[in-house]
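# An overview of the molecular structure
This is what each chain is made of:
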Amino acid sequence: MKPRGLGWGHSSLRDLMSDAVLEQSEGAVLSLRLLWGPAARKVMCFHPWSDLTLPLMSLAEIRAVIDKWAELMVELGASYPWVQIFENKGAMMGCSNPHPHCQVWASNFLPNEARLEDRTQRQHLQERGVPLLLEYARLEAQRKERLVVENADWLVVVPYWAVWPFQTLLLPRRHVCRLQELSDGERDSLASIMKRLLTKYDNLFEISFPYSMGWHGAPTGPHLGADCGHWQLHAHYYPPLLRSAAVRKFMVGYEMLAQAQRDLTPEQAAERLRTLPEEHYRVRPREAA
C-alpha cells in the first residue's frame, strides 16, 4: 500500500553512461566509445502540499518517506547493482520542480563514487578489522567537536574532510550495510534526527535551505549474496550557502583545477549548526515588536 501523503512516478527506462573506452581508429586517431546500460528512474513526492518540506513535516510523515526509500531499495536492488536515492532541494541546486521530492536512479554498474567508497572501506576493514565509518562515527561521538546532532541510534557530523561550508554526514551508530536493514526503532530515530538537522539548516539563514543529499550503502543486485561487511550505511548532505541566504560557495578556479579550499573550519561549521534552535523559525512564536 502506498504510504498516505506520498506520491511517486516512473520515468521511461533511460540509458546511463556506464563506462568509456578509448579506441584506436584509422590514422592512429583515438576516439571515445561510450558503453551504455539500462537504468530505471523514479520520482517520489514527499507530501501532497507543495510548500511543506521535510523539516516542516511530522515525524510520522518523515517515517513514511524513509519506509518508501527502503521499499524502493528492495524493489530496485533486486535487479540493479546500484540504487541511488537523492534529493536536490532548491533552485540553487538546479531543482526545477518546487514540490518537495526526491529521485531514485538505479544503474547496472557501480558509479565512480560508489567504486571509490567500496575500495576504501574494504581496504580499511582489511587493515584495521572494523568498518571505516563505524570506527569514524565512534571517534566523532567521543570528540564531539564536529558533532551537530545525535540520538541513541544516529549522529550527524561535519566531517573533517568537508569542503562545502555546512556539509554534513549522517551515520548510524551500529553496523548496518543498507537502508532496508534498519529496524523500526532506527527508522523512527532517523526521522527524528533528519527533522532536527534540516530544521537547523533552515534556521541558519531563516530560509528553506538548499542542498543536495543522498544515501550510500552496500551495492545490491549481484552483490546481495557477497560479503559487504566493509560497508556502512550513510547519507551525505552538500549545501552551497556560505555567509547568507544570498551568498553561496562556488567551486571554481584553484578549487576546480587544484584543490578545494575551506571558507570556515569543520569545527566552526559544526558549532554554528549545533547552537541553532531545533524549533523551526516558521513555527516558533515571534517576539512582540
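Residues numbered from 1 in each chain as written. Predicted model: local features only at pLDDT ≥ 70, side-chain atom pairs only at ≥ 80, totals over all residues. Heavy atoms only, no water.

### Overview of the packing of aromatic side chains
Note the cut-off: A pair of Phe, Tyr and Trp rings is counted when the ring centres sit within 6.5 Å of each other, with Trp represented by its six-membered ring. The angle between the planes then sorts it: under 30 degrees is stacked, over 60 is edge-to-face, the rest tilted. Secondary structure is summarised from DSSP: a helix means a run of H or I of at least four residues, a strand means a run of E of at least two, and numbering begins at the N terminus for each. Exposure is judged per residue with a 1.4 Å probe applied to protein chains only, and the accessible area is read against the type maximum: over 50% gives exposed, under 20% gives buried, and values in between give partly exposed. Put simply, a charge is over a ring when the Lys NZ or the Arg CZ is close to the ring centre, within 6 Å, and near the line of the ring normal, within 35 degrees.
The final tally for this structure, using the stated rule, is 14 aromatic pairs. Ring centres of Trp69 and Trp215 lie 6.2 Å apart, and the angle between their planes is 65 degrees; on these two criteria the pair is classed as edge-to-face. Residue Trp69 is found in helix α1 (residues 59-77), and its partner Trp215 is found in strand β9 (residues 211-216); the two are separated by 146 residues along the sequence. Centre to centre, the rings of Tyr136 and Tyr160 are 5.9 Å apart; their planes meet at 65 degrees, and the pair counts as edge-to-face. Highlighted residues: Tyr136 in helix α3 (residues 132-143) and Tyr160 in the loop between β7 (154-157) and β8 (168-172), separated in sequence by 24 residues. Tyr136 sits in the buried class, given a relative accessible area of 9%. With relative accessibility at 52%, the residue Tyr160 sits in the exposed group. An aromatic cluster of three or more residues is present, and its members are Phe166, Tyr201, Phe205, Phe209, Tyr211 and Tyr237. Positioned above the aromatic ring of Phe250, the side-chain terminus of Arg248 is 4.9 Å from the ring centre.

### Quick look at the pairing of strand β4 (residues 82-89)
Note the cut-off: DSSP-based pairing: two strands are paired if at least 2 bridges between them are found.
Where burial is concerned, most of β4 is hidden: seven out of the eight residues are buried. Taken together, the five bridges between β4 and strand β5 (residues 101-107) define a ladder with antiparallel strand orientation. When the bridges of β5 are listed, Trp82 appears paired with Ser107. The pairing of β4 with β9 spans four bridges and is classified as antiparallel. Bridge pairing links Lys89 to Tyr211 in β9.

### Focus: the environment of His236
Selection criterion: In what follows, residue pairs with any heavy atoms lying within 4.5 Å of each other are defined as contacts.
The residue His236 is located in strand β10 (residues 234-238) in this model. By relative accessible area, His236 is classed as buried at 9%. Distance from His236 to Pro159, taken between C-alpha atoms, is 10.0 Å for residues 77 residues apart in sequence. Once residues lying within four places of it in the same chain are set aside, the contact partners of His236 are Glu117, Thr168, Leu169, Ser212, Met213, Gly214 and His216.

### Section: α1
Note the following rule: One fewer than the residue count of a helix, multiplied by 1.5 Å, yields its expected span.
In this model α1 runs 26 Å from its N-terminal to its C-terminal C-alpha over 19 residues, within 8% of the 27 Å that 1.5 Å per residue would give. Along α1, the residues classified as buried are Ile62, Arg63, Ala64, Val65, Ile66, Lys68, Trp69, Ala70, Leu72, Met73, Leu76 and Gly77.

### Section: a nonpolar patch on the surface
How we decide: Patches here: salt-bridge-free residues with over 30% relative accessible area, like charges joined within 9 Å, nonpolar side chains (Val, Leu, Ile, Met, Phe, Trp, Tyr) joined within 5 Å. Accessible surface area values rest on a Shrake-Rupley calculation with a 1.4 Å probe, where residue burial reflects the displayed protein chains alone. A side-chain nitrogen of Lys or Arg and a carboxyl oxygen of Asp or Glu constitute a salt bridge if their distance falls within 4 Å.
On the surface, Phe250, Val252, Met256 and Leu257 cluster together into a nonpolar patch covering about 490 Å² of accessible area. Looking at the secondary structure, you find Met256 in helix α5 (residues 254-257).

### Comments concerning the pattern of salt bridges
Oppositely charged side chains can form a pair if their charged atoms are brought close together. If you walk through the whole model with that rule in mind, you get 22 salt bridges. A salt bridge links Lys42 to Glu75, with the nearest nitrogen and oxygen atoms 3.3 Å apart. With Lys42 in strand β3 (residues 30-45) and Glu75 in helix α1, this residue pair connects regions lying 33 residues apart in the sequence. The partner of Arg178 in a salt bridge is Glu181, and the shortest N-O contact between them spans 3.5 Å. Overall, the relative accessible area of 36% leaves Glu181 in the partly exposed class. One salt-bridge network, in which partners are shared between bridges, spans Arg63, Asp67, Asp184, Arg187 and Asp188.

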